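# Observations on the three-dimensional arrangement
Residue strings, one per chain:
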Amino acid sequence: MHVPGGRASRADDRHFFIYATAVGLVFGQLFFAPLGANSALVAFATVGVSFLFRPLGAFLAGHFGDKYGRKVVLMWTLILMGVATALIGVLPTYEAIGLTAPILLVLLRILQGISAGGEWGGAVLMAVEHAPRPRRGAFGAAPQIGVPLGLLLASGVMALMAMIAPGDAFLEWGWRVPFLLSVVLILVGYYVRRRVEESPVFAELAERKEKARMPIVTLFRKHLLLVVIAALVFAGNNAVGYMTTGGYIQGYATNPDGPLALERGPVLWAVAGSAVTWLLSTLAAGFLSDRIGRRTTYIIGWILQLAGVFTLFPLVNTGDIGLLFAGLAILTIGLGLTYGPQAALYSELFPASIRFSGVSISYAIGAILGGAFAPTIATALVQATGSTMAVTWYLAGMTLIGLVATLVLRDRSGIPLGPDHEAEQSVSPIRGFAKV
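Note that the coordinates shown come from a computational prediction; the quantities given were computed from them, not determined experimentally. (Residues numbered from 1 in each chain as written. Predicted model: local features only at pLDDT ≥ 70, side-chain atom pairs only at ≥ 80, totals over all residues. Heavy atoms only, no water.)

### A short note on the packing of aromatic side chains
As a reminder, the rule being used: Stacked, tilted and edge-to-face are the three classes applied to pairs of Phe, Tyr and Trp rings, where Trp contributes its six-membered ring and a pair requires centres within 6.5 Å; stacked means planes under 30 degrees apart, edge-to-face means over 60, and tilted covers the rest. Under the scheme used here, helices are H or I runs from DSSP no shorter than 4 residues and strands are E runs no shorter than 2 residues, and both carry numbers assigned from the N terminus. Per-residue accessibility, obtained with a 1.4 Å probe over protein chains only, is compared with the maximum for each type, and a residue is labelled buried under 20%, exposed over 50%, and partly exposed between these values.
In total, this model carries 14 aromatic pairs according to the counting rule given. Measuring from centroid to centroid gives 5.3 Å for Phe27 and Trp175, while their planes differ by 90°, and the two rings are edge-to-face. Highlighted residues: Phe27 in helix 1 (residues 11-31) and Trp175 in the loop between helix 9 (168-174) and helix 10 (176-180), separated in sequence by 148 residues. The same class applies to Phe27 and to Trp175, which are both buried.

### Focus: the pattern of salt bridges
Oppositely charged side chains can form a pair if their charged atoms are brought close together. Threshold: A pairing counts as a salt bridge when a side-chain nitrogen of Lys or Arg comes within 4 Å of a carboxyl oxygen of Asp or Glu.
Tallied over the entire structure, the rule returns 4 salt bridges. In this structure, the salt-bridge partner of Arg355 is Glu129, at a minimum N-O distance of 3.0 Å. With Arg355 in helix 20 (residues 355-369) and Glu129 in the loop between helix 6 (100-128) and helix 7 (136-144), this residue pair connects regions lying 226 residues apart in the sequence. Residue classification places Arg355 among the buried residues on the basis of a relative accessible area of 0%. With a shortest N-O distance of 3.0 Å, Arg136 and Glu348 are connected by a salt bridge. Taken together, the residues span a long stretch of sequence, with Arg136 in helix 7 and Glu348 in the loop between helix 19 (342-347) and helix 20 at a distance of 212 residues. Overall, the relative accessible area of 4% leaves Arg136 in the buried class. Within this structure, Arg136, Asp290, Arg294 and Glu348 form a network of salt bridges that share partners.

### Points about the layout of surface pockets
Heads up, the condition is: Here a cavity means grid points, on a 1 Å grid over the protein atoms only, where a 1.4 Å probe fits yet cannot get out; a pocket means an open set of points with protein on both sides within 12 Å along at least five of seven lines; lining residues are those with an atom within 4 Å of a point. Grid points are joined across faces, edges and corners, and a volume is the space filled by probe spheres set on the points. Side-chain classes follow a simple rule in which Ala, Val, Leu, Ile, Met, Phe, Trp, Tyr, Cys and Pro form the nonpolar group, Asp, Glu, Lys and Arg form the charged group, and the remainder, Gly included, forms the polar group.
Of the volumes computed, that of the largest pocket is approximately 750 Å³. As for the largest pocket, its lining consists of 30 residues, and the residues nearest its centre are Ala40, Gly251, Tyr252, Asn255 and Pro256. Of all the elements in the fold, those that place two or more residues in the lining of the largest pocket are helix 1, helix 2 (39-52), helix 15 (248-254) and helix 21 (374-385). The dominant element in the lining of the largest pocket, judged by the number of residues it contributes, is helix 1, at 7 residues. Per-class residue counts for the lining of the largest pocket are 14 nonpolar, 14 polar and 2 charged.

Next comes the structure, spelled out in structure tokens:
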């Protein structure tokens, strides 16, 4: 199945998860060592810092994407993300340049956040707005698999480097190689995006000269509550997913002073394996949502995700690599079902003229409420209670928030997406509301 905008359209995920994986493995030691026992906590906080700047990227990308097109925004976000990631790979550590090292690391992480805030909306709209109406879920799942694919590549490359450069060599230079390889992703992504046609919905808007003059103002004036609810849907998935994509499980399992103290390589391969199951469930969810609707697929996913949350740490805490993989794999089934339909769900929530702004800003806010500080919160909860049970209840709570937000929405699967149907698209998808 060819999906315009789907191929190589989520390069942000590969770059983002390379960073998150490195945080869980080395950044606490290399950039925040003087903080001692708090170094891991602060390192995980840098994962969250970038999320605070995603709304800025979403605002910029939404504005320019609704005014000048989806394609041009995707080109610039790709370049910004790739350059920032490659520069992290050559960044001196605290030992070499002192406090300047973590400051530069945070600045580059901010640039990643701005890029990621604009990347997602453009990628999913290029896929969904090109899709035949009965296959939007399947087409929209193509950019969604960028998350598990990014986790797979990040974990796989890090695992290979742990083999090639074991022990101190990994800390000295092995971790840098995946960041430097991001240059290849920039070149491939640039080539592919140059060949992708502009979204037909935006092309029609441009031809009719019906583009919104101030799309963000219109979005917040008429659709603020919808943005909040859509953000909460994503937050429920994102908080749980960031146990691995944010590097928490990797750091928790390999911490030499922790309860498990497992070797890096086997843990990274287990995470890579779970990324495969996540990828498959995400792809399957897109197809399923075309059959039974986005809302029903989500509800099933939330129930399965909740079950996965309660089995995760009991299996991880056995210290057995096989059971650690099993815990992650079980979790990814629900994660996939609550992530695969998201591109189609979001695209069907907002009117055509402000759709880029709507999906981008909802996604960015959801990322802050969900995954931004999930690894930091999990680390703090374990430090405060001495047990992972508090983390389980935190993740269960986020899952229930996502479920409730989903129940509030009507199913709009198959609604026309073109500018001819703005009146129908403007009818509120929130239950109990006639219009936004």
